[in-house]
Amino acid sequence: MSAPEATSSGRMLVISGPSGCGKSTLCKRLLEDDRVEFSISATTRPMREGETDGREYHFLDADRFRERVEAGDFVEWAEVHGNLYGTLRAPLDRAVADGKIFLIEIDVQGALQLKALEVEGLYVFISPPSAEVLRARLEGRATDSQPVIERRLKKAADEMLEAHRYDATILNDNLDRAFAELQGLVGLSNGCPQGEAR
Ligand code: ADP
Ligand code: 5GP
């Protein structure tokens, strides 16, 4: 699998970790910086109420998705809960060539798949302070039923064991502190993306 243009100052940033660890919260803050571009995946899952094609996802039917797989349009793709999801290559290459940070928020399985494909980038694992805090955050978010929360917590225990495979781990205890650490890691705290210095 080819890596994005290596001579550019842009780079891919993968933010990953168990459900409820704070990925979305941290990514939203990172996206306030216009040097960061969010990766919009393609999917075959039906659009949910409130979603817009091209905003949350590019919604494709299964035939079109398969055609794009055949055409080599995806950096990676996977079947999740019976639907197909994939990261598109063109926006990644374009953002990296433009010197941007191309932000991919993805679950642990997806991040490790990208890593296995040797897609060049910075892989960051967001760690919750403890299982108890993770439970409290998932319950506090109030977006999932209790059985779904129990399933996610069980999965989180396994996902935590994969943290060492990432380039860096950020402990999301205090949000401001974790965000500052992330900004520093990516090189956005001094007004200059890290890659430009090289
Ligand atoms: P993920 O995207 O990893 O599933 P979220 O960003 O949705 O996780 O965070 C899960 C919940 O925890 C949300 O309600 C969020 O507001 C809250 N949260 C995230 N980070 C912190 C933090 N450092 N301290 C307290 N609550 C947090
Ligand atoms: P949802 O349909 O709830 O938005 O997402 C379901 C799952 O699909 C999540 O676990 C999410 O991480 C995963 N997902 C979303 N986009 C991609 C992608 O581009 N590639 C892979 N491998 N998984 C994705």
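Keep in mind that this is a model prediction, so the values were computed, not measured.

Before going further, it helps to examine the overall build of the protein chain. Looking only at helices and strands, one finds seven helices and nine strands in the protein chain. The C-alpha atoms of the protein chain give a radius of gyration of 17 Å, which matches the 16 Å a tight globule of 198 residues would have. For the protein chain, the spread of C-alpha atoms along the principal axes amounts to about 45 × 45 × 30 Å. Here the protein chain holds 198 residues, and 43% of them are scored as buried. For the protein chain, long-range pairs separated by at least 24 residues make up 66% of all intrachain contacts whose partners lie at least 6 apart in sequence.

Examined against the element boundaries, R89 turns out to sit in helix α3 (residues 89-97). Of the side chains with opposite charge, D93 lies nearest to the buried R89, which makes no salt bridge, at 5.2 Å. In this structure the side chain of R89 is engaged in a polar contact, spanning 3.2 Å, whose partner is the backbone oxygen of G72. A polar side-chain atom of R89 sits 3.2 Å from the main-chain carbonyl oxygen of F74.

Neighbouring ligand 1 are 15 residues, the closest being G20, S24, T25, R141 and N172. Within the backbone of C21, one N or O atom sits 3.3 Å away from an oxygen atom of ligand 1. Side-chain polar atom of T25 to an oxygen atom of ligand 1: 2.5 Å apart, as the coordinates give it. Among the elements of the structure, α1 (23-30) and α5 (131-141) are those that each provide at least two residues to the shell around ligand 1. Ranked by the residues each element gives to the shell around ligand 1, the list is headed by α1, at three residues. Residues that form the shell around ligand 1 fall into these classes: three nonpolar, seven polar and five charged.

The topology assignment puts N172 in the loop between β9 (168-171) and α7 (175-186). For N172, a relative accessible area of 4% puts it in the buried group. For the pair N172 and S127, spaced 45 residues apart in the sequence, the C-alpha separation amounts to 5.8 Å. Setting aside residues up to four positions removed in sequence, N172 forms contacts with C21, G22, L26, I126, S127, P129, R137 and A178.

This part is about the site of ligand 2. The full set of residues close to ligand 2 is S41, R45, R48, Y57, E76, A78, V80, Y85, G86, T87 and D107. Contact distances for ligand 2 include 3.3 Å between an oxygen atom and a side-chain N or O atom of T87. Protein chains bury 79% of the 510 Å² of accessible surface belonging to ligand 2 in isolation. Elements represented by at least two residues in the shell around ligand 2 include exactly β5 (74-80) and β6 (83-88). Across the shell around ligand 2, the residue classes break down as four nonpolar, three polar and four charged.

Counted at 1.5 Å a residue, the expected span for helix α6 (residues 146-160) with its 15 residues is 21 Å, and the 21 Å between its end C-alpha atoms agrees. Along α6, the residues classified as buried are I149, L153, A156 and E159. Down the axis of α6, the sector holding all buried residues measures 120°, keeping them to one side. Across from the buried face of α6, at angles greater than 90 degrees, the exposed residues are P147, R151, K154 and D158. Buried residues belonging to α6 abut α4 (108-116), β8 (122-127) and α5.

Parameters at a glance
- Residues numbered from 1 in each chain as written.
- Chains lettered and ligands numbered in written order.
- Predicted model: local features only at pLDDT ≥ 70, side-chain atom pairs only at ≥ 80, totals over all residues.
- Heavy atoms only, no water.
- Helix = DSSP H or I, 4+ residues; strand = E, 2+ residues; numbered from the N terminus.
- Rg over C-alpha atoms; globule rule 2.2 N^0.38 Å.
- Buried < 20%, exposed > 50% of the residue type's maximum accessible area, 1.4 Å probe, protein only.
- Contact = heavy atoms within 4.5 Å.
- Lys, Arg positive; Asp, Glu negative; His and termini not counted.
- Salt bridge = Lys/Arg side-chain N within 4 Å of Asp/Glu carboxyl O.
- Polar contact = N/O pair within 3.5 Å; in protein donor to acceptor, adjacent residues only side chain to side chain.
- Near = heavy atom within 4 Å.
- Nonpolar A, V, L, I, M, F, W, Y, C, P; charged D, E, K, R; others polar.
- Areas by Shrake-Rupley, 256 points an atom, 1.4 Å probe, with all protein chains shown as cover.
- Expected span 1.5 Å × (residues − 1).
- Arc of directions from axis to C-beta.

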